[in-house]
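Residue-level listing of the chains:
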Amino acid sequence: MNVEPAIRDQMLAALPSLRAFAISLCGNVDKADDLVQDTIMRAWGAIDRFERGTNLNAWLFTILRNLYFSNLRKGKREVEDVDGTYAGRLSSLPEQDGRADMNDFRAALARLAPDQREALLLVGAQGFSYEETAAIMGCAIGTVKSRVNRARVRLQELLAVEQIEDLGPDRMTMAALQPPS
């Protein structure tokens, strides 16, 4: 199948963002890489259904999101590590404070409701507008704003953030926890 060079280049440019979003959803780099590969393969195969002139990134993120949730539904039949015993044996102690802070952030992010986490990541980490996020998630803009706000409040509670100085210098953390000005 022939794909226009401009579209191909846009797809390639989207890979880092797709991968970051997939990692945040999956919590596992290998699964995230597989998810991104499946997303690109699915998009490549359905490129004739992409409406030229619309947001290719939003289309790709929608495909990735749908694949993730389809895989999640399929995975419900798998055995879960509910108490974290197995996962606990696989972890290692952080080598520095920044890494520990990021681990705390990831753990807190994982404790958010899936719809809140997804909205927060799309708006805060990926930089999508509320409108684009609503289109990706298939819901109203007000719903996205509400989910992002609830996610930020919950993250602040989980991370015991009381003052803006508690956020640290990390832009990603700042973007996730601080509403846009």
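Enquirer: Even after reading the chapter, I still don't get the overall build of the chain, so can you show me in this structure?
Expert: When you go through the chain residue by residue, the secondary structure sums to 9 helices and 0 strands. Order of helices (α) and strands (β) in the chain, N terminus to C terminus: α-α-α-α-α-α-α-α-α. Across the 181 residues of the chain, 33% fall into the buried class. Here the contacts in the chain between residues at least 6 apart in sequence split such that 59% fall between residues at least 24 apart. Entry remark: accessible area of the chain is about 11500 Å², with carbon and sulfur atoms responsible for 50%.

Enquirer: What should I look at first to understand the side chain of R117 in this one?
Expert: Along the chain, R117 turns up in helix α6 (residues 114–125). In contact with R117, not counting residues within four places along its chain, are S24, L109, A110 and L112.

Enquirer: Help me understand the packing of aromatic side chains in this model?
Expert: Describing an aromatic ring pair means giving the distance of the ring centres and the angle of the ring planes. Across all of its chains, the model carries 4 aromatic pairs by this definition. Measuring from ring centre to ring centre gives 5.1 Å for F50 and W59, while their planes differ by 45°; the resulting arrangement is tilted. With 4.7 Å between their ring centres and 80° between their planes, F61 and F128 make a pair best called edge-to-face. Taken together, the positions of F61 in helix α3 (residues 56–75) and F128 in the loop between α6 and α7 (130–137) put the pair 67 residues apart, joining distant regions of the chain. For F61, a relative accessible area of 1% translates into the label buried.

Enquirer: I tried to follow the environment of G27 on my own but got confused; where do I start?
Expert: Residue placement: G27 occurs in the loop between α1 (5–26) and α2 (29–45). A residue is classified by how much of its surface remains accessible, and G27, at 67% relative accessible area, is exposed. Between the C-alpha atoms of G27 and A110, which are 83 residues apart in sequence, the distance is 8.2 Å.

Enquirer: What exactly am I supposed to notice about the nonpolar core here?
Expert: Soluble globular proteins: nonpolar side chains tend toward being buried together. M11, L18, W59, L60 and L64 are the most contacted members of the largest nonpolar core, which has 43 residues in total. Contributing elements (two or more residues each) for this core: α1, α2, α3, α5 (97–110), α6, α7 and α8 (141–158). In terms of residue count, α3 provides more of this core than any other element does, 10 residues in total. If we skip the residues at most four places from it in the chain, W59 touches A43, A46, I47 and F50.

Thresholds applied
- Residues numbered from 1 in each chain as written.
- Predicted model: local features only at pLDDT ≥ 70, side-chain atom pairs only at ≥ 80, totals over all residues.
- Heavy atoms only, no water.
- Helix = DSSP H or I, 4+ residues; strand = E, 2+ residues; numbered from the N terminus.
- Buried < 20%, exposed > 50% of the residue type's maximum accessible area, 1.4 Å probe, protein only.
- Contact = heavy atoms within 4.5 Å.
- Areas by Shrake-Rupley, 256 points an atom, 1.4 Å probe, with all protein chains shown as cover.
- Phe/Tyr/Trp six-rings, centres within 6.5 Å; stacked < 30°, edge-to-face > 60°.
- Core = buried A, V, L, I, M, F, W, Y, C linked by side-chain atoms within 4.5 Å.

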